[in-house]
Amino acid sequence: MAARLTAYVVVGIVAATLIAGLIVGAQRNENDSDGPVDLIVQNANIYTAGSGGTMAEAMAIRGNQILRVGSDRDIARLRKPQTTVIDAKGGAVVPGFSDAHAHLVDGGLNLDRVDLTDASTLEEIEERVQTWAEAHPDAAWVTGRGWTFAAFGSSAPTRQQLDAIVPGKPVQLVSEDGKASWVNTRALRAAAITRKTVSPEGGAIVKDARSGEPTGVLRGAAMSLVSRHVPRASIEERGRALRAAIAEANRFGITSIQTPDGTADELELFAEARKAGDLTVRLYSALALRGEVNDAKLRELDAIASRYPDDPLFKSGAVSFTLDGSIETRTAALLEPYADETSSGVPTIAPDDFNRMVRLLDARGWQVLAAAVGDRAVQMALNAFEHAVRSNPVPERGRRHRIEHVGTVDILDQPRFGALGVIASMQPATTLPTAGRIDLLTSAIGAARASRASAYASIASGRGRLAFGSDWPFASFNPMVGLHAAVTRTTTDNTPDGGWYPAERLALPAAIDAYTSGAAWASFDEQRKGTLQAGMLADIVVLSEDIFEAPPSRLASTRVALTIFDGKIVYRRDNSHTN
């Protein structure tokens, strides 16, 4: 009898719970229908992103949040007279792209400098430099970036090449990876660099083997010998550059950006832009650290963190270190010597020193970003993060340390990303497999290590989290180019046929996740952005076609039709999508 009575009570409780749930659900649906609906996106193929990513047809937005995602029929019921309706015309809709690694102010400044991105030959480089110099006769210097060693084939850049184009003023052109600069004779003279000048530690003044004269190429730390003489942009110029960069981001569907090399001045610039209402991207800025991390530095960092706490629009909370250079310049730190040299590269920080600094920062709750290209530098970063795990209790907000770039990684270190919870922050657009880049990489490190370059699938298969970015202005700011590179492992011209080491390709949803929910995780923001779900911030991209149905070879040519930030349209390609 008692058992039967207990069963009746349990059934009654379950029934009451179900009825209450139905009532609450009905009330919520009624409230959804009765309240204002500012935007509706319909006739779309919506990918909600994240580990539980699903497909839908439409969504409704109220204020700056997503109200509901569902079918065209369900969402249409929410339409009000004042609702703006966006017709996606069958195009794909994804969360606003989050660029996990971009140099925002430098990118904005570079919009008014010589852009050598994608210049594949010396002739094309020379034409762009000459065109810019003629269009800016009052400029004291000719500056720009984006060239690659691959554009020079079997030869190398020389100062004489630039002297012939711009004989009357100094020229400084930074390489695509930011690890080398190419200068003319006037720039060398401005820096008093001669055949007798000794290369600084961590850098190289490349000199002619016969004459000993500088060739015009400066690597690593030697770049600063000239760059310190280039006139620094004023505060007003940097402010204009920031706003230009934000507009460029919105044009490409980017609604969040993480900057890896911030300074106190730059953070203040971001804060002023927020105060003025000019931020139509969400910013997370890491402070670049150089030199010793001691008690005084930690107090300085903590003071900065208190000025820029967690906020949906702008915050700090991370620091960054650079552990090595690039494979192209033979300054990446490798476990074994380069294929064409006896050197294996040297990390910029001693491993024991890095372990200690990471331990101290981890104990204070700072997220650490380690820029590492070579497999030795990547291993060194993983070791330091593992040392912090052994040494410190888990910080209040958890550990989400990151390795930026991850150029090539030893096969035994690939699963350590997942095991240690370390984020692989990678920039696919920087590694488009042009014939020149493939030849250069293979000749530098050999086929075996080259096969482990940009190991997206291998890291992901070991439960490693990926966060994608652009490294702009060192590569294209356009996330569609990055998606194309990760999904096809080809150039935007779809070469080589079948993709370069195609085993490392990602499925399209996984690549989008790395540019949205994965990047949000990397900045401790997954609770408010990175997926298209009810209650999340309304940062949304409408694309010009359905990338889930079109062949992957068309990813790079897909355009952004509309960018929605914080529930407002901040970019539209034309007016045909709204009514």
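Rules behind the numbers
Residues numbered from 1 in each chain as written. Predicted model: local features only at pLDDT ≥ 70, side-chain atom pairs only at ≥ 80, totals over all residues. Heavy atoms only, no water. Axes fitted to C-alpha atoms, helices over the stretch in contact; angles between N-to-C directions. Helix = DSSP H or I, 4+ residues; strand = E, 2+ residues; numbered from the N terminus. Left-handed = near helix turned anticlockwise from the far one by under 90°. Contact = heavy atoms within 4.5 Å. Nonpolar A, V, L, I, M, F, W, Y, C, P; charged D, E, K, R; others polar. Buried < 20%, exposed > 50% of the residue type's maximum accessible area, 1.4 Å probe, protein only. Pairing = 2+ DSSP bridges. Right-handed = clockwise from strand over helix to strand, strands pointing away. Phe/Tyr/Trp six-rings, centres within 6.5 Å; stacked < 30°, edge-to-face > 60°. Lys NZ or Arg CZ within 6 Å of the ring centre and 35° of its normal.

A. How the structure looks around the packing of helix α8 (residues 235-251) against helix α9 (residues 264-275). Where α8 contacts α9, the axes come no closer than 11 Å and their chain directions differ by 65°. Both α8 and α9 take part in a crossing whose hand is right-handed. Along the contact surface, α8 presents Arg238, Gly239, Leu242 and Arg243, while α9 presents Glu266, Leu269, Phe270 and Ala273. Residue composition of the contact of α8 with α9, grouped by class: 4 nonpolar, 1 polar and 3 charged.

B. The pairing of strand β16 (residues 282-288), seen in detail. Most of β16 sits inside the fold, with 6 of its 7 residues counted as buried. Here 5 bridges tie strand β15 (residues 254-262) to β16, and the two strands are oriented parallel to one another. Across the sheet, Ile257 pairs through a bridge with Leu283, a residue of β16. With α9 bridging β15 and its parallel neighbour β16, the resulting β-α-β unit is right-handed. Here β16 pairs with strand β17 (residues 314-322) via 5 bridges, running parallel. Looking at the pairing, Leu283 lines up with Phe314 of β17. What joins β16 to β17 is helix α10 (residues 295-307), and the crossover it makes is right-handed.

C. Representation of the packing of aromatic side chains within the structure. Counted according to the given criterion, the structure contains 14 aromatic pairs. Relative to Phe149, the ring of Trp147 has its centre 4.9 Å away and its plane inclined at 75°; by these criteria the two rings are edge-to-face. Of the residues examined, Trp147 reaches a relative accessible area of 0% and is grouped as buried. Assessed through its relative accessible area of 10%, Phe149 is described here as buried. Consider the rings of Phe321 and Phe354, whose centres lie 5.3 Å apart with planes at 85°: the pair is edge-to-face. Separated by 33 residues along the polypeptide, Phe321 in strand β17 and Phe354 in helix α11 (residues 351-363) bring together distant segments of the chain. Phe354 carries the same exposure label as Phe321, and that label is buried. Taken together, the ring pairs connect Phe97, Tyr456, Phe468 and Tyr515 into an aromatic cluster. The positively charged end of Arg397 is found above the aromatic ring belonging to Phe524, 3.8 Å away from the centroid. Geometry around Trp521 places Arg465 over its ring, the cationic atom sitting 3.7 Å from the centre.

D. Structural detail: the sheet that holds β17. With parallel pairing, 8 strands are arranged side by side in an open sheet as β8-β15-β16-β17-β18-β19-β20-β21. Edge strands, defined here as strands with exactly one partner in the open sheet, are β8 (97-99) and β21 (465-468). Recorded for the sheet is a direction-independent mean angle of 25° between the axes of neighbouring strands.

E. Here's a closer look at unusual backbone geometry. The peptide bond linking Trp472 to Pro473 adopts the cis configuration, its omega dihedral lying at 10°. Tracing the chain through its elements places Pro473 in the loop between β21 and α16 (479-488). In this model, Thr495 is joined to Pro496 through a cis peptide bond whose omega is -5°. Inspection of the secondary structure assignment puts Pro496 in the loop between α16 and α17 (508-515). The phi torsion at Ala192 lies on the positive side, around 55°, for a residue other than glycine. As for its placement among the helices and strands, Ala192 is situated in the loop between α6 (185-190) and β13 (203-207). Positive phi is not limited to glycine here, since Asp566 has a value of about 55°.

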